[in-house]
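Structural features, examined
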Amino acid sequence: MKRVFVNGYGSIGSRIAQFIIGDSDVEVIGIGKYSPDDKVSDAISRGFGVYVPKNKIEQFKNFKISGTVEDALEKCDLVIDASPGGNGYINKKNLYEPKNVRAIFQGGEKIIGDKAVTDVIFNSRANYDDAFDKKYVMQGSCNVTGMGRILQPLKEKYGKKIKRFDATLLRRWADLEDSKTEVKDSIEWTRKPHHNEDVKSYMGKDTPLFIRAFKVPTRQMHVHSMDVRFNETAPLTSEILDLFKNEYGVAILYTAKGTKDIRDFAETTKFSFKDTNMIHIHADMLEVQDDVVKITYSDDQTGIVVPENHLLMQAMLFKRNKDDAFKHTEELFHIEEKKKILEEHFAQK
């Protein structure tokens, strides 16, 4: 049995910890916490050991903590770093490298430049095996992860018949649970969004992908509008839908009115955290015009990267066969069941 430590207990870390604790192949040593707030009590109530920085022990004197972050690293085979963007690099230099422990980083980190945590971004659909034998790997952000589920099937099916991909990302402003971030009455654009290079890092540098990114005032998922331009007449919409029909983590919806519609329905089901853990192709928005296929899909932000972390963990710790890894992840996340429920509710009338 392998031992895993989740360093951070925010929107991503709390989800990861609460799911992988059900994995009989690993022991979750505990979670790392850096602020003495209600999340500490939540973690303890769920049976997690809470580990804090050595220099902050006094701040946690009102909680029953299990030790220091340094103590946890001494005992683990892998750390899943779920700290705020940029802190992963600091943790790598100050903690993981000195302790010689392997680590998974999240999408807020960099793969290029002086503060790069690694040069490998993981996408289970595109480069699962690349994580074998790696000491440090970054799990792509939700937008970067979701794009792999769209681009890779299209690349495998049509290859050189595709001339280019043009995508506009409409990013949510903040997560549902992020009460600290104000959702402003403004649409903001990102100059040179990182998503372009991040996706190309696992799809291939020659991928003809061009991305624009905007942040819009919502907490309810991301939406991507993608034009796929072919060198000849584009495939029929029915052919595109057939391509994604059996893709893992991809639901095809017809009658959803918006992202909140999906979130509200998810809340009425037994989904955890209101997450669907997948992307949703909006079939009523799918169009073909001459040589272009126009695809619109929504991306379940934080929820989509949690099962990806579990798949990456299996690749790094066990070098598990890809098919077996997906089966094991499905045992915990029940994504196929969720997909069926979503597709039946938002089916074509």
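Please refer to the structure higher up on the page.
Being a predicted model, the structure only gives us computed values, none of them experimental. (Residues numbered from 1 in each chain as written. Predicted model: local features only at pLDDT ≥ 70, side-chain atom pairs only at ≥ 80, totals over all residues. Heavy atoms only, no water.)

**Section: the layout of surface pockets**
As a reminder, the rule being used: Here a cavity denotes a set of grid points, spaced 1 Å apart and computed over the protein atoms alone, in which a 1.4 Å probe fits but from which it cannot get out, and a pocket denotes an open set meeting protein on both sides within 12 Å along at least five of seven lines; residues with an atom within 4 Å of a point are reported as lining. Grid points are joined across faces, edges and corners, and a volume is the space filled by probe spheres set on the points. Under the grouping applied here, Gly and all other residues not named as nonpolar or charged are polar, the nonpolar ones being Ala, Val, Leu, Ile, Met, Phe, Trp, Tyr, Cys and Pro and the charged ones Asp, Glu, Lys and Arg.
Of the pockets and cavities examined, the second largest pocket occupies roughly 180 Å³. Surrounding the second largest pocket, Lys-155, Gly-159, Lys-160, Ile-162, Phe-165, Met-203, Asp-206, Thr-207 and Pro-208 form its lining. Tallied by class, residues from the lining of the second largest pocket come to four nonpolar, two polar and three charged.

**Notes on unusual backbone geometry**
With the exception of glycine, most residues fall at negative phi, and the peptide bonds are largely trans. As a reminder of what qualifies: Where helices and strands are cited, they refer to DSSP runs of H or I of at least four residues and of E of at least two residues respectively, numbered from the N terminus. Only protein chains enter the area calculation, which uses a 1.4 Å probe; residues under 20% of their type maximum are buried, those over 50% are exposed, and those in between are partly exposed.
Phi is positive for Asn-100, close to 55°, though the residue is something other than glycine. Take Asn-100: it is sitting in the loop between helix H4 (87-99) and strand S6 (102-105). Overall, the relative accessible area of 55% leaves Asn-100 in the exposed class. Positive phi outside glycine occurs at Phe-273, with the angle close to 60°. Structurally, Phe-273 is set in the loop between helix H9 (259-268) and strand S14 (279-282).

**Considerations on the pattern of salt bridges**
Pairing of side chains with opposite charge becomes possible as their charged atoms draw close. Inclusion rule: Any Lys or Arg side-chain nitrogen found within 4 Å of a carboxyl oxygen on Asp or Glu counts as a salt bridge.
For the structure shown, the criterion picks out 23 salt bridges. Here Asp-37 and Lys-33 are joined by a salt bridge, their closest N and O atoms 3.1 Å apart. Put simply, Glu-156 and Arg-125 hold a salt bridge, and the shortest N to O gap is 2.9 Å. Taken together, the residues span a long stretch of sequence, with Glu-156 in helix H6 (residues 142-158) and Arg-125 in helix H5 (residues 124-127) at a distance of 31 residues. For Arg-125, a relative accessible area of 18% gives the class buried. Salt bridges sharing common partners tie together Arg-15, Glu-177, Arg-263, Asp-275 and Asp-300.

**Quick look at the packing of aromatic side chains**
Note the cut-off: Working definition: rings of Phe, Tyr and Trp (its six-membered ring) pair if their centres are within 6.5 Å, and the pair is stacked with planes under 30 degrees apart, edge-to-face with planes over 60 apart, and tilted otherwise. Each ring is checked for a lysine NZ or an arginine CZ that lies within 6 Å of its centre and within 35 degrees of its normal; such an atom marks a charge sitting over the ring.
Going through the model one piece at a time under the given rule, you end up with twelve aromatic pairs. With centroids separated by 5.2 Å and ring planes inclined at 85°, the aromatic side chains of Tyr-158 and Phe-230 adopt a geometry described as edge-to-face. With a gap of 72 residues between them, Tyr-158 in helix H6 and Phe-230 in strand S12 (residues 222-230) connect regions that are remote in the sequence. By relative accessible area, which is 3% here, Phe-230 ends up buried. An aromatic cluster of at least three residues, connected via ring pairs, comprises Phe-19, Phe-273 and Phe-333. A cation sits over an aromatic face here: Lys-215 above Trp-173, 4.5 Å from the ring centre. Above the plane of the ring of Phe-318 lies Arg-320, whose end atom (NZ or CZ) is 4.8 Å from the centre.

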